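What the coordinates show
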Amino acid sequence: MDWQPDEQGLQQVLQLLKDSQSPNTATQRIVQDKLKQLNQFPDFNNYLIFVLTRLKSEDEPTRSLSGLILKNNVKAHYQSFPPPVADFIKQECLNNIGDASSLIRATIGILITTIASKGELQMWPELLPQLCNLLNSEDYNTCEGAFGALQKICEDSSELLDSDALNRPLNIMIPKFLQFFKHCSPKIRSHAIACVNQFIMDRAQALMDNIDTFIEHLFALAVDDDPEVRKNVCRALVMLLEVRIDRLIPHMHSIIQYMLQRTQDHDENVALEACEFWLTLAEQPICKEVLASHLVQLIPILVNGMKYSEIDIILLKGDVEEDEAVPDSEQDIKPRFHKSRTVTLPHEAERPDGSEDAEDDDDDDALSDWNLRKCSAAALDVLANVFREELLPHLLPLLKGLLFHPEWVVKESGILVLGAIAEGCMQGMVPYLPELIPHLIQCLSDKKALVRSIACWTLSRYAHWVVSQPPDMHLKPLMTELLKRILDGNKRVQEAACSAFATLEEEACTELVPYLSYILDTLVFAFGKYQHKNLLILYDAIGTLADSVGHHLNQPEYIQKLMPPLIQKWNELKDEDKDLFPLLECLSSVATALQSGFLPYCEPVYQRCVTLVQKTLAQAMMYTQHPEQYEAPDKDFMIVALDLLSGLAEGLGGHVEQLVARSNIMTLLFQCMQDSMPEVRQSSFALLGDLTKACFIHVKPCIAEFMPILGTNLNPEFISVCNNATWAIGEICMQMGAEMQPYVQMVLNNLVEIINRPNTPKTLLENTAITIGRLGYVCPQEVAPMLQQFIRPWCTSLRNIRDNEEKDSAFRGICMMIGVNPGGVVQDFIFFCDAVASWVSPKDDLRDMFYKILHGFKDQVGEENWQQFSEQFPPLLKERLAAFYGVSVCVIVGGCAGECAASRSHCALVQGG
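Residues numbered from 1 in each chain as written. Predicted model: local features only at pLDDT ≥ 70, side-chain atom pairs only at ≥ 80, totals over all residues. Heavy atoms only, no water.

1. Structural notes on the overall build of the chain
Put simply, the rule is: A run of H or I in DSSP counts as a helix once it spans at least four residues, and a run of E counts as a strand once it spans at least two, with each numbered from the N terminus. Relative accessibility under 20% of the residue-type maximum defines a buried residue, over 50% an exposed one, and the middle range a partly exposed one, all with a 1.4 Å probe and only protein chains included. We call two residues contacting when some pair of their heavy atoms lies within 4.5 Å. Note that accessible areas follow from Shrake-Rupley with a 1.4 Å probe, and for residues the cover is restricted to the protein chains shown. By the counting scheme adopted, Arg and Lys are positive, Glu and Asp are negative, and His together with the chain ends is not counted. To locate a charge, the coordinates of NZ of Lys, CZ of Arg, CG of Asp or CD of Glu are taken.
Along the chain, the regular secondary structure elements total 50 helices and zero strands. A principal-axis box enclosing the C-alpha atoms of the chain has dimensions of 100 × 65 × 60 Å. For the chain, with 913 residues in total, the buried portion stands at 56%. Considering only residue pairs separated by 6 or more positions, the chain has 75% of its internal contacts joining residues 24 or more positions apart. Summed over its atoms, the accessible surface of the chain is roughly 39500 Å², and 52% of this surface lies on carbon and sulfur atoms. Between the mean site of the 75 positive side-chain charges and the mean site of the 121 negative ones, the chain shows a separation of 1 Å.

2. Focus on the UniProt feature "domain: Importin N-terminal" (unreviewed entry) in the chain
Heads up, the rule is: UniProt positions are given in the numbering used here, feature names are shortened, and annotations may be inferred rather than shown by experiment.
With numbering matched to this structure, UniProt assigns "domain: Importin N-terminal" (unreviewed entry) to residues 31–99. Between the C-alpha atoms that bound residues 31–99 there is a distance of 28 Å. The span itself is 72% helix and 0% strand.

3. Brief notes about the environment of Leu617
Note on placement: Leu617 falls in helix H34 (residues 599–625). For Leu617, a relative accessible area of 10% translates into the label buried. The spatial distance from the C-alpha of Leu617 to the C-alpha of Glu557 is 39 Å, given a sequence separation of 60 residues. The residues contacting Leu617, other than those within four sequence positions of it, are Met638, Leu668, Gln671 and Cys672.

4. Details of the pattern of salt bridges
A pair can form between side chains of opposite charge whenever their charged atoms are brought close. Threshold: The term salt bridge refers to a side-chain nitrogen of Lys or Arg lying within 4 Å of a carboxyl oxygen of Asp or Glu.
Counted under the stated rule, the structure contains 42 salt bridges. Across the salt bridge formed by Glu324 and Lys529, the nearest N and O atoms sit 2.7 Å from each other. In this pair, Glu324 sits in the loop between helix H20 (310–315) and helix H21 (372–387) while Lys529 sits in the loop between helix H30 (516–527) and helix H31 (532–549), placing the two residues 205 residues apart along the sequence. Of the residues examined, Glu324 reaches a relative accessible area of 21% and is grouped as partly exposed. With its nearest N and O atoms 3.1 Å apart, the salt bridge here joins Lys578 to Asp634. Of this pair, Lys578 sits in the loop between helix H32 (556–572) and helix H33 (580–594) while Asp634 sits in the loop between H34 and helix H35 (636–652), and the two are 56 residues apart along the sequence. We classify Asp634 as partly exposed; its relative accessible area is 29%. Because the salt bridges share partners, they merge into one network encompassing Arg452, Glu481, Lys484, Arg485 and Asp488.

5. Details of the side chain of Thr768
Quick reminder of the rule: Residues adjacent in sequence count toward polar contacts only when both atoms are side-chain atoms; beyond that, a polar contact is any pair of N or O atoms within 3.5 Å, and within protein one must be able to donate a hydrogen and the other to accept it.
Inspection of the secondary structure puts Thr768 in helix H42 (residues 762–778). With relative accessibility at 0%, the residue Thr768 sits in the buried group. Among the polar contacts made by the side chain of Thr768, one reaches the main-chain carbonyl oxygen of Leu764 at a distance of 2.6 Å. Apart from the residues within four sequence positions on either side, Thr768 is in contact with Thr726, Leu751, Ile754 and Ile755.

6. A few points about the confidence of the model for the chain
Put simply, the rule reads: In predicted models, pLDDT denotes the confidence assigned by the predictor to each residue on a 0 to 100 scale.
Averaged over all residues, the pLDDT of the chain is 90; the fraction at 70 or higher stands at 93%. Ignoring residues within four places in sequence, the model shows residues 349–367, a span with pLDDT below 50, making 36 contacts including any to other chains. Overall, residues 891–913 carries pLDDT values under 50, and its contacts beyond four positions in sequence, including any with other chains, amount to 46 contacts.

7. Description of the packing of aromatic side chains
We count it as follows: Classification of ring pairs uses Phe, Tyr and Trp, with its six-membered ring standing for Trp, and accepts pairs whose centres are within 6.5 Å; under 30 degrees between planes counts as stacked, over 60 as edge-to-face, and the remaining range as tilted. Any Lys NZ or Arg CZ that is within 6 Å of a ring centre and within 35 degrees of that ring's normal is treated as a charge sitting over the ring.
Evaluated as defined, the whole model comprises 27 aromatic pairs. Both rings, one in Phe598 and one in Tyr601, keep their centres 6.0 Å apart while their planes meet at 50 degrees; by these two values the pair is tilted. The residues Phe598 and Tyr601 share a single accessibility class, namely buried. Of the aromatic side chains, those joined through ring pairs into one cluster are Trp794, Phe811, Phe829, Phe832, Trp839, Phe850, Phe857, Trp866, Phe869, Phe873, Phe884 and Tyr885. The ring of Trp570 has Arg608 lying over it, and the distance from NZ or CZ to the ring centre is 4.9 Å. The ring of Phe718 is capped by Arg681, whose NZ or CZ atom sits 5.4 Å from the centre of that ring.

8. With respect to the environment of Thr510
Tracing the sequence through the fold places Thr510 in the loop between helix H29 (491–508) and H30. Residue class for Thr510 comes out partly exposed when judged on its relative accessible area of 43%. As for Thr510 and Asn72, which are separated by 438 residues in sequence, their C-alpha atoms are 58 Å apart. Residue contacts for Thr510: discarding those within four places in its chain leaves Ser548 and His552.

9. So, the state of the cysteines
Applied cut-off: Cysteine sulfur atoms that pair up within 2.5 Å are treated as a disulfide.
If you walk through the whole model with that rule in mind, you get zero disulfides. Cysteine Cys93 remains unbridged, with the sulfur of Cys132 as its closest cysteine sulfur at 17 Å. Classification of Cys93 as buried rests on a relative accessible area of 0%. Unpaired in terms of disulfides, Cys602 finds its nearest cysteine sulfur in Cys609, a separation of 11 Å. Cys602 gets classed as buried once you look at its relative accessible area, which sits at 6%.

10. Brief notes about the environment of Thr114
Along the polypeptide, Thr114 turns up in helix H6 (residues 102–123). Residues Thr114 and Asn72, spaced 42 residues apart in sequence, show a C-alpha to C-alpha distance of 8.9 Å. Sequence-distant contacts of Thr114, that is, excluding residues within four places in its chain, are made with Lys71, Val74 and Lys75.

11. Remarks on the nonpolar core
Selection criterion: In these notes, a set of buried Ala, Val, Leu, Ile, Met, Phe, Trp, Tyr and Cys residues joined through side-chain atoms within 4.5 Å is what counts as a nonpolar core.
Of all hydrophobic cores here, the largest spans 318 residues; its most connected members are Phe214, Trp278, Phe598, Met740, Phe790 and Trp794. Sort the elements by how many residues they give to this core and H35 lands first, with 11 residues. The contact partners of Phe790, leaving out residues within four places of it in the chain, are Val752, Ile755, Asn756, Ile772, Val783, Ile814 and Met817. Judged by nonpolar contacts, the second largest core, of five residues, contains Tyr308, Ile313, Leu316 and Val409.

12. Overview of unusual backbone geometry
Within the chain, Arg388 stands out as a residue other than glycine whose phi angle is a positive 50 degrees. Within the element layout of this structure, Arg388 appears in the loop between H21 and helix H22 (392–403). Taking the relative accessible area as the measure of exposure, Arg388 reaches 38% and is therefore partly exposed. If you check the backbone angles, Asn759 has positive phi at about 60 degrees while not being a glycine. Mapped onto the elements of the fold, Asn759 is located in the loop between helix H41 (744–755) and H42.

13. Concerning H41
Filter applied, for reference: Residue count minus one, scaled by 1.5 Å, sets the expected span of a helix.
Look at H41: 16 Å from first C-alpha to last across 12 residues, which is about the 16 Å you get at 1.5 Å a residue. Those residues of H41 that are buried are in contact with helix H39 (703–712), helix H40 (719–736), H42, helix H43 (780–783) and helix H44 (787–798).

14. Some words on the packing of H42 against H44
The angle between the axes and the distance between the axes are what describe a pair of packed helices. Definition in use: Each axis is a line fitted through C-alpha atoms, and for a helix only the stretch in contact is used; angles between axes span 0 to 180 degrees, taken between their N-to-C directions. With respect to orientation, any angle under 35 degrees is reported as roughly parallel, any angle over 145 as roughly antiparallel, any angle of 65 to 115 as roughly perpendicular, and every other angle as oblique. Working rule for handedness: look at the near helix, and if it is turned counterclockwise from the far one by less than a right angle, call the crossing left-handed; if clockwise, right-handed. When residue character is reported, Ala, Val, Leu, Ile, Met, Phe, Trp, Tyr, Cys and Pro are called nonpolar, Asp, Glu, Lys and Arg charged, and the others, Gly included, polar.
At their nearest, the axes of H42 and H44 sit 9 Å apart, and the two run at 120 degrees to each other. The angle between H42 and H44 places the two elements in the oblique class. When you trace H42 past H44, the crossing you get is left-handed. Contacts from Leu765, Glu766, Ala769, Ile770, Ile772 and Gly773 of H42 reach H44 at Phe790, Trp794, Ser797 and Leu798. A per-class count over the contact of H42 with H44 returns seven nonpolar, two polar and one charged.

15. Concerning helix H47 (residues 829–837)
In terms of residue burial, H47 counts as a mostly covered element, since nine of its nine residues are buried. The complete set of buried residues in H47 reads Phe829, Ile830, Phe831, Phe832, Cys833, Asp834, Ala835, Val836 and Ala837.

16. Quick word on the packing of H32 against H33
At a minimum axis separation of 11 Å, H32 and H33 run at an interaxial angle of 150 degrees. Here H32 is positioned roughly antiparallel relative to H33, judged by the angle of their axes. Classified by chirality, the crossing of H33 by H32 is left-handed. Side by side, H32 and H33 meet where Ile559, Leu562, Met563, Leu566, Lys569 and Trp570 of the first sit next to Leu580, Leu583, Leu584, Cys586, Leu587, Val590 and Leu594 of the second. Classifying every residue of the contact of H32 with H33 by side-chain character gives 12 nonpolar, no polar and one charged.

Quick look at the structure:
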């Protein structure tokens, strides 16, 4: 017997649906309460599906809303629907998928896929066969409705559809979808491609079996009149480029020609999909050979796509020049995530690699939607990295016209182009920069805010070059103008200037010291001027300044300027305010830079950090015991607090001792080190290492409890946790001395395993090598027997580290271990020689240790064997050993030419004696 609604109940539900469309918040609240009550009745969901599918007399928005409320109920508690209700809903969906209204069809499709994704694909075996069957219907609405539902199922359950769990329905579905590529309706052609597209990235077997037919059909649809179809064709080709490039290579010339046209499609959505093609192609090894001859067409198209569209300018309020007094709306502020502290060592090469720059997108964040402008700029950026200077002949003639164009929109796009190619074409751009940089600095005072903001970004991309020139040439004028822009009347310009200034600080470092007073005046003035969102970026600029100039900030006049506004903000913020994150990060940098200068402020800051850790741990405990009563805490509060405590310990050194003595931080640290969240453990171990250096007196009583925890965290699955635990163990060694002996076996095997592991990140290898060396320094008898198992990777890990305390203690350790077990180094002695030669100026007593080992080895093997052995040394190594340690080596032309550790393959040691 078919279910029928009670008339009174039906009217009640309809009234509820009408009320829920009211904009009044009080009415909305009543609706929510009423919904909760009605959900107590099992057949309430029958009423909802009835309104959606049968009540054709009602208006469409009301019917659709009924379906969407039902969808939410399915999502929340479908498992508790009585079987007759669930069956009624499923039957109604399939019977009405061909409703005359496209809105109702789409709503039913959403409802079907929601039920399917609740594990019902297995429990609803007739669903896929029935939907596929309905595709054959003569009735357009039925065919379109079924396809719409299938497309949503393919999106939500693509993996399941390609699995044995359902008997691989794709073997039937894919060939079926391909038939519809030629359907007379564009909507249905578009659904068909979209369905198949879901299976490209996972390389579904059923699609791979039909790949040639699929590509043939795509080519046939290339010039379809319908933009949605063209968009899906472009999307398919972009994905195929990534997973089945072998099938596209024979047609690559035509595909590139096609994509050049589509990137200029009058429909922006099609152009955007097509533009993704260049981004993906740039990552393929064949990019250079297949694209070189097309650059002459492609570059002008990408450059043209980098102009703001009219709609962009409206969305960005491009005509509003002054908005600094307008408060930010909360949804403008992106959530911030704190990056936990990782301990790294200083390297020989001072210049950081460019990997950091990957994140600086051009600066129109308010349009965080990906659009043609951003995609074109990103494509130009990656292609500049592929083609380098070869791109410039196609670009430079265009650039001149753009950069000096009377229309601001065109000029702005030229400045963006210049920024986009900065990383890839830097070498080729150098001759033009002396002329271009002053022009860009002039653009910082353009009358259009969007020109001023993009000029900030582009200049930041050339900061490295600016800093390499004499400071009066470009650095001083750039800094002066950027500081003015930090106080601009337009919020977008303030934001761009602050970010650019932070980049300049990283590049210029101590070059900024002479201007510190002026810089601080500006940044502090901005405190009183900025709205919420830009304040967060200002904290970052101040923190970066502190990192860049270090102890030069520790001057009474600078502290007097900087600290009062920071502490005022610190006092205004409540413990549960997420704005504490950037402020705590900033204070951590400031405390490290100011060192003893931070003492007057340290007590309240320290106390609050301890409180934040304590509160978070307590909340986590309550949540674990009563998850139904309490919310899970946001552990970022605890992580940021631990990192600021690390900054305090590092900056204040021994002065932190009294603060630690008066708090329960060691007990809290014991809990944090065992937290389930890796980032909490990572920050805990960083703090443990810093406290070990600053006030070991408070750490020592806990060592017996802490060491086993450190040992279990030497797990390279969690790189940063493992890295910080390793570093902390090394610091503890230096304080414990010979008392470290009972703990060596807890950690040594794991450390040796990590240093021999392939593909281990450089930072972790370096810290592991330092810690093994330090363990050997304090307990040589315990560690030396394993020397042969780690000496080679140990030497290659530390050859690029600059001379410093950590390297010094590690090398003393290795020398002491060689003293205990000289046989352990024999096979890899050339690596030891190479590592010794990496020292620029070791302390005298360490140099003596090296001298004794080198000469001892030479005497041991005898002159003839030594000469034979030393023939393999690269020339540079021979020179250094002869100059520093008086080791005469046989200089024979034609020895191995590479740097020793790099060319280990032809450096197998001749085993003499």
